Amino acid sequence: MTASTTSPSAPVAAPTAPHRRRSGPRAAEARWGLILAAPAALHTLIWIGIPIVVAFLLSLTAYDVVTRPEFNGGANYVRIFQDSIFWKAVLNNVIIAGVGIPISMFLALVFAVILNRALPGRGVFRVMVFLPHITATVAVAMIWLWIYSPSSSGLMNTVLGVIGIGPLPFLTSPTLALPAVILVTIWQGIGLKMLIYLAALQGVNEELYEASDIDGANFVQKFFHITVPMLRPATFFILVTALIANFQTFDLIYILTEGGPANATNVVTYRIYQTAFQEFRFGLASAQSIILLLMLIVLTFFSRRIVGGTDGD
Amino acid sequence: MVTDSPTLSPAADPTRVDVSAPGRHPDRSVRQTSLRRQKRVGNALMLAFLVIAALIMATPFLWMALSAMRDPSEMAKVPMPLIPQDWRLENFAETLERAPFGIYARNSFILASAAAILNVVFASACGYSLAKLRFAASKFVFAWTVACIMIPFYATVIPVFLMVRHMPLFGGNSILGQGGIGWIDSWWALIVPGAVSPFMVFLFRQFYVGTPTELIEAARLDGVSEFGIYSRIITPLIKPGLLTVALLSFEAGWNNFLWPLLVTTSENLRVIQVGIASFRQEATTDWHLLMAGTTMAAVPMIVLFLVFQRYFVQGFAASGIK
């Protein structure tokens, strides 16, 4: 837009040599701006822009890959509202988030506050807490599959055996499977949350602590009256990003439980995968992914408002 | 948030605080010694808590590594000894015989490297353009990029899969994209759809915003071409940014699962995460081999992280922004 205001003569004539020289630097800047931005912009247009439109169109069709997509109005959406497995999956996501996120946020905050102090070897501890986040979720899920193994040699059952509780079928029991999944999400989720808390702690004014030291405040008082209030923006921020990430849980479920037993651990993304790539109902699965998108847009809207609100500092 | 890394900033050393203290009120020194003693006790308690907590956090990894080297007969013992009685490194060799983890690792390495290189090249160009150059569509491209960050892959995976499958004139497809398998089971499918990440464009823009515009103007006066300014003058200033994006893209490529699972069918193109997932079905009872395979899938990223910690941490702290 700046280019058009500074060179009003631009649309007058075909670009003759002297004319181009006059508007030279600006024109070159605009031209290179476009050239450098184009590959990435075109790529996202082709691989994200077109697919999102196609997903919406497909969601209005019956499409099973073999025959052509056939427009069926909003039948898929009506069907989703009657699909108890889909809503079971949504509910599971809500439970995993509702139980897992507060616990891992609390632990992350405790770790961050402690690791923000000048303790010997804190770098090593930070790495240990952060490693589950850097490791592929597939590998993480394989490790926990082995820990939860129903054979008495699975670590969990070995430990339980010591205190006299007999081997429990963690991942095949309808009541134990979801808690078992939640435990893994907590373990894997602490690292990133701790990191964001640590970054936020750098911004907390040290003088507040010094002043409260003089007033004789103890560690717990300082934690609840200075640290927690000062970290409120970070807390909201972590909460919303964790919620968004939670609705994209897939690998963990694929390896650990395949949504079972009896959909006790099914989640939205895994349900979409089942509908599309196991049942080949691409139209219905597209409608499910549009619903997922809408849920995430709502969450993102909140996150943008929150991030926008904390941008000032 | 992008530029300062939490783990890097030098420790807030209490002794250093004392050194800078003399200028302050003299009465505080007495109080500070008792405070320091209190602090020492507190630190010891926290250290004890940390050691226990960190051990619990690390237990799954230790369990994986230990189990990868156990003898199968030991796995069946009740109770199983916590420490392997004889360390069997042969487990790794045996795992390699049962499934071609070497090929899986090679494929993952190619995929992850391609993601790193393509993101660094194309996302940096776009990020620089959005941060420093004025052109008509600039605002629109930026808004579009931010919008793309918010669209989850799971919302577009079905159309992307269909586009790849119906890619015209590939894999036996006609010009209308019918009749064959298109890009399915090819490097095209693995690499092209994820070649540029909108988030990496955004991250690059943030890195470029911090570079001096005066340098660009001076270079223009000296007659350096616009492309030369981007490639030879400004981009060298953000080497840490380049490394951050390269490592984050590599990590995402190495850890990717759903997409390679959907578009590859042959063993020759299978990546390591899909490899261990399918190895699991074949060797469900051979936990020592499964853990050896899992170790091979996990350890390269762990090593890379340990070496380039600060860049990962910077990138992840910044990725919180999305």
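Residues numbered from 1 in each chain as written. Chains lettered and ligands numbered in written order. Predicted model: local features only at pLDDT ≥ 70, side-chain atom pairs only at ≥ 80, totals over all residues. Heavy atoms only, no water.

- Per an unreviewed UniProt entry, chain B goes by the name Carbohydrate ABC transporter permease and belongs to Brachybacterium saurashtrense.
- Heading Sequence similarities (unreviewed entry) of the UniProt record for chain B holds this comment: "Belongs to the binding-protein-dependent transport system permease family."
- Annotation of chain B in UniProt includes, under Subcellular location (unreviewed entry), the sentence "Cell membrane". (UniProt positions renumbered as here; feature names shortened; annotations may be inferred.)

- If you look chain A up in an unreviewed UniProt entry, it shows as Sugar ABC transporter permease from Brachybacterium saurashtrense.
- Regarding chain A, the relevant UniProt record gives this comment under Sequence similarities (unreviewed entry): "Belongs to the binding-protein-dependent transport system permease family."
- The record held by UniProt for chain A lists under Subcellular location (unreviewed entry) the comment "Cell membrane".

### A closer look at the environment of Thr175(A)
Residue and element names in this part refer to chain A.
Working step 1: Mapped onto the elements of the fold, Thr 175 is located in the loop between α8 (155-162) and α9 (177-201).
Working step 2: By relative accessible area, which is 63% here, Thr 175 ends up exposed.
Working step 3: Through-space distance from the C-alpha of Thr 175 to that of Leu 252 is 18 Å; in sequence the pair is 77 residues apart.
Working step 4: Separated by 3.1 Å, the side chains of Thr 175 and Ser 173 make a polar contact. (Helix = DSSP H or I, 4+ residues; strand = E, 2+ residues; numbered from the N terminus. Buried < 20%, exposed > 50% of the residue type's maximum accessible area, 1.4 Å probe, protein only. Polar contact = N/O pair within 3.5 Å; in protein donor to acceptor, adjacent residues only side chain to side chain.)

### Focus on a nonpolar patch on the surface
All names here are of chain A.
Working step 1: Taken together, Leu 91, Val 94, Ile 95, Val 99, Ile 103, Phe 106 and Leu 107 make up a surface patch of nonpolar side chains, about 560 Å² in accessible area.
Working step 2: For Phe 106, the position within the fold is in helix α5 (residues 84-115).
Working step 3: Residue classification places Phe 106 among the exposed residues on the basis of a relative accessible area of 51%. (Patch = residues over 30% accessible without salt bridge, like charges linked within 9 Å, V, L, I, M, F, W, Y side chains within 5 Å. Areas by Shrake-Rupley, 256 points an atom, 1.4 Å probe, with all protein chains shown as cover. Salt bridge = Lys/Arg side-chain N within 4 Å of Asp/Glu carboxyl O.)

### Focus on the UniProt feature "transmembrane region" (unreviewed entry) in chain A
Working step 1: As recorded in UniProt, the feature "transmembrane region" (unreviewed entry) lies at residues 32-58, 94-115, 127-147, 159-187, 234-256 and 280-302 of chain A.
Working step 2: Between the first and last C-alpha atoms of residues 159-187 of chain A the distance is 18 Å; the span itself is 52% helix and 0% strand.

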